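# Coordinate inspection notes
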Amino acid sequence: MKRKEFFAVSGKYLLGGVLAALGLSCESTESPDDMEDENTFTSTTSQGHTHSATIQRSEIENPPSDGITKTTTSAAGHTHTFTMTQQQLQNVNNGQTVTVTDSPSAGHTHQYEIEKWF
């Protein structure tokens with residue numbers, strides 16, 4: 001191999017190695033599972049606003065015997081709560097969509113469509 005050929009081939013491998021290293025350094029350290037650990041559900045609109053509540057994946061996969069109670073985000077100066085039974089959580093884990101209605105607050109309620117996201 002002539003010197004010129006050696007440098008051409010070496011340069012290609014060197015450039016490929018640098019590009020590969022740069023590609024690895026740009027990868028996210030967050031795994032897809034991390035992004036699926038929780039999901040935020042937004043309510044139907046009532047009196048011109050919505051609320052949201054976050055449910056943990058572990059609450060769906062291993063529902064507590066007492067179920068869960070969530071407090072929603074604040075909107076229009078108030079929050080709501082809703083409860084899901086262990087059976088409702090199991091239904092979500094089995095692929096069903098469960099509709100829950102939150103507690104009355106400021107004279108109204110909202111509904112949430114809870115479905116499996118992972």
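Residues numbered from 1 in each chain as written. Predicted model: local features only at pLDDT ≥ 70, side-chain atom pairs only at ≥ 80, totals over all residues. Heavy atoms only, no water.

### Focus on the confidence of the model for the chain
The criterion, for reference: What pLDDT reports is the predictor's confidence in each residue, on a scale of 0 through 100. Any two residues whose heavy atoms approach within 4.5 Å at even a single point are treated as in contact.
Per-residue pLDDT for the chain averages 84, and the proportion of residues at 70 or more is 70%. Note that residues 18-22 has pLDDT below 50 and, in this model, zero contacts with residues that lie over four places away or in other chains.

### Side note on the nonpolar core
Where we set the bar: Remark: nonpolar core denotes a set of buried residues (Ala, Val, Leu, Ile, Met, Phe, Trp, Tyr, Cys) joined through side-chain atoms within 4.5 Å. For each residue, the accessible area found with a 1.4 Å probe, counting protein chains only, is set against the maximum for its type, and the residue is called buried under 20%, exposed over 50%, and partly exposed in between. Numbering goes from the N terminus for both helices and strands, where a helix is a DSSP run of H or I of at least four residues and a strand is a run of E of at least two.
Membership of the largest hydrophobic core comes to 14 residues, with the highest contact counts inside it found for Ile55, Ile60, Phe82, Met84, Val92, Val100 and Ile114. Those elements that place two or more of their residues in this core are β2 (52-56), β4 (81-84), α4 (86-93), β5 (98-101) and β6 (111-114). In contact with Met84, not counting residues within four places along its chain, are Ile55, Gly67, Ile68, Leu89, Val92, Val98, Val100 and Ile114.

### Let's talk about the pairing of β5
Here is the rule: Strands are treated as partners if at least two bridges between them are detected by DSSP.
The two faces of β5 differ: Val98 and Val100 on one face are buried, but Thr99 and Thr101 on the other face are not. Taken together, the four bridges between β5 and β6 define a ladder with antiparallel strand orientation. Pairing of Val98 across the sheet is with Ile114, part of β6.

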